[in-house]
Amino acid sequence: MARPAVSYRALALGADARAVGVIAGVYALLPLFAAVPLGRRTDHGRCAPLLPVGVVLIAAGCGLSGTAGSLPEMAAWSGVMGLGHLSFVIGAQSLVARQSAPADQDRNFGHFTVGASLGQLIGPIAAGQLVSGHDSALARTSAAALFVAAAVAACSVTSLWRIEHRSAEAPLKKPAGEAPSRRVPVFRILRTRGVASGIFLSLAVLSATDILTAYLPVVGEQRAISPAVVGLLLSLRAAATVACRLVMTPMIRLMGRTVLMAVSCLGAGLLCAAVALPLPAWALGVLLAALGFCLGVGQPLSMTTVVQAAPDDARSTALALRLTGNRLGQVAAPASAGLLAGLAGTAAPFVMLGVLLLASAAIAVRPLRRAADTVAGLPAQRNHRGAPEAERSAVSGRCGPGEETSARTDPEEPTP
C-alpha cells in the first residue's frame, strides 16, 4: 500500500519521473549496509526479535512520509521504511528456512510469499481508493494513504506472539565445551554453486516488481488512467502472482525447478517489454495478469535455491546476501529507470526490465546445459545395473540453481 502512495506523494510535491526513481532507490540504500550483519546475527541467534523491529521501522517510515514536505524528506523516510522491511524479511525468511524440512521448503516459501502477494493485492487497491487523482487534493489524499499504511503495518505486531518454535532454536545451542563454529566468509558463500545464480534471479524478479509498482502511477498519469484503475491493475498483477504460487508445487513436479524458473523469466521478460506499448487499460490489465503469473515463480524458488546451496551454518547469511542483491537491484534499477525515463520516456524502464529478465532466464537454464554437456562428454561406462555413470552423477549430490538436490537411488538397491 505504501509504495504507490509514496510515488503519488512525491508527484504531489513536484517530483518528475527521475525523482520518483531516486526515491524508490533510496528505499533500498540503507539495507545494503545492514543485510549481512543482520544475517550473521540470525545465523547464531534467534530470528523472531527482528520481526517487531521491522514492524516499528516500517510503520514509522510510512507515517513520517505522510508528513514530509519536501522530496529529500520523502527519500529519507523511504530509506527508514526499506530498513524496516529488510529487518522483517530476514527474520521471517530465516524462520521459514529453519522450521521447514528440506523437502517442504519449496512449498513453505511459496506459502510465505503468498502472504506478501496478498498484501500487494489488497494494498494498491486501498491506496488507489484513498488517493484522489485531482492535483489540488493529491498531497492530502496521498498522505492519508500513508497514515493508513502505517496503522495497518502496526497491526501486524498482533501476529508475532510466540512465532518461533523451540525446535527451531535448539540447533543454535551447542553442547558445553564444543568450540563455536567459525563464520563462513562471504566470498565463500557467494562462490558456492547455485548461490550467485539464485541471487541474480531474485534481483531481476524483484526489480521488475518494484519498478512496476513505482512507475505504473507515472505511466497512468501520462495515459490519463486514474489512480483507482492503476491500483486495480497493480492488484491484478499481485492476484496472478498469488495464483501462480498456489499451483507452484504441481508445476515443479511437471516441469522441474530449473525449467520452470527459465520459462517464467523468459515469459516475464517479453511481457515486461510489452508494457512499454501504448495499450488501453483493459489490454494492460491482461498483460499485467500474465506478467504477475510469470513473476510469481522467481522469489520462492530463489529462496529455496540459495538455502539449499549455502553451507548449513550460513543459511541466514546467504538469505541476507540474497536480500542484499535485491536491494542492489532496487537501488540500481530505479536509478537507471529514472535516467532512462528522463532521456527516452517512461516506456524505456520496462524495456530495460525485459532485457534483465531475459538475462536471468539464460542464467537459470545453465544447469541444464551443464548437465547435458557432462552427459555428452563423459564415456558411457555402464555399471552393474546398466545405467551410464554420467546419468547417475547428473542426478545426485549438490546441484546448481533449480536442480533437484536429493540424490536418486535405484528402487531395487538396499538403502545403506
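Residues numbered from 1 in each chain as written. Predicted model: local features only at pLDDT ≥ 70, side-chain atom pairs only at ≥ 80, totals over all residues. Heavy atoms only, no water.

1. Describing the side chain of Ser 235
(1) Moving on: Residue placement: Ser 235 occurs in helix H10 (residues 227-246).
(2) Moving on: A polar side-chain atom of Ser 235 sits 3.3 Å from the main-chain amide nitrogen of Ile 125.
(3) Moving on: Excluding residues within four positions of it along the chain, Ser 235 makes contact with Gln 120, Leu 121, Pro 124 and Ile 125. (Helix = DSSP H or I, 4+ residues; strand = E, 2+ residues; numbered from the N terminus. Polar contact = N/O pair within 3.5 Å; in protein donor to acceptor, adjacent residues only side chain to side chain. Contact = heavy atoms within 4.5 Å.)

2. A word on the confidence of the model for the protein
(1) Moving on: Per-residue confidence for the protein gives a mean pLDDT of 76, with 80% of residues at or over 70.
(2) Moving on: Taken element by element, the protein is modelled with least confidence in helix H18 (residues 389-394), mean pLDDT 37, and with most confidence in helix H13 (residues 281-295), mean pLDDT 91.
(3) Moving on: Considering only residues more than four positions removed or in separate chains, one finds that residues 168-180, a stretch of pLDDT under 50, has eleven contacts.
(4) Moving on: In this model residues 379-416 is a low-confidence stretch, pLDDT under 50, and it forms 52 contacts with partners more than four residues away in sequence or in other chains. (pLDDT = per-residue confidence, 0-100.)

3. A few points about unusual backbone geometry
What is expected of a backbone is that most residues other than glycine have negative phi and most peptide bonds are trans.
(1) Moving on: Look at Ala 224: it is not a glycine, yet its phi comes out positive at around 60 degrees.
(2) Moving on: For Ala 224, a relative accessible area of 73% corresponds to the exposed category. (Buried < 20%, exposed > 50% of the residue type's maximum accessible area, 1.4 Å probe, protein only.)

4. Things to note about the packing of helix H1 (residues 2-12) against helix H4 (residues 71-98)
For any two helices packed against each other, one specifies the crossing angle of their axes together with the interaxial distance.
(1) Moving on: Running from N to C, H1 and H4 point in directions that differ by 170 degrees, and their axes come no closer than 11 Å. Taken together, the axis directions place H1 and H4 in an arrangement best described as roughly antiparallel. Here Ala 2, Val 6, Arg 9 and Ala 10 of H1 come into contact with H4, specifically with Leu 71, Met 74 and Met 81. (Axes fitted to C-alpha atoms, helices over the stretch in contact; angles between N-to-C directions. Parallel < 35°, antiparallel > 145°, perpendicular 65-115°, else oblique.)

5. Section: helix H3 (residues 50-67)
(1) Moving on: Here H3 spans 26 Å end to end across 18 residues, near enough to the 26 Å set by a 1.5 Å rise per residue.
(2) Moving on: Along H3, the residues classified as buried are Leu 50, Leu 51, Gly 54, Val 55, Ile 58, Ala 59, Gly 61, Cys 62, Gly 63, Ser 65 and Gly 66. (Expected span 1.5 Å × (residues − 1).)

6. So, the environment of Ala 238
(1) Moving on: Tracing the backbone through its elements, the reader meets Ala 238 in helix H10.
(2) Moving on: As for Ala 238 and Leu 291, which are separated by 53 residues in sequence, their C-alpha atoms are 9.6 Å apart.
(3) Moving on: Discounting residues that sit within four places of it in the chain, Ala 238 has contacts with Ser 117, Gln 120 and Leu 121.

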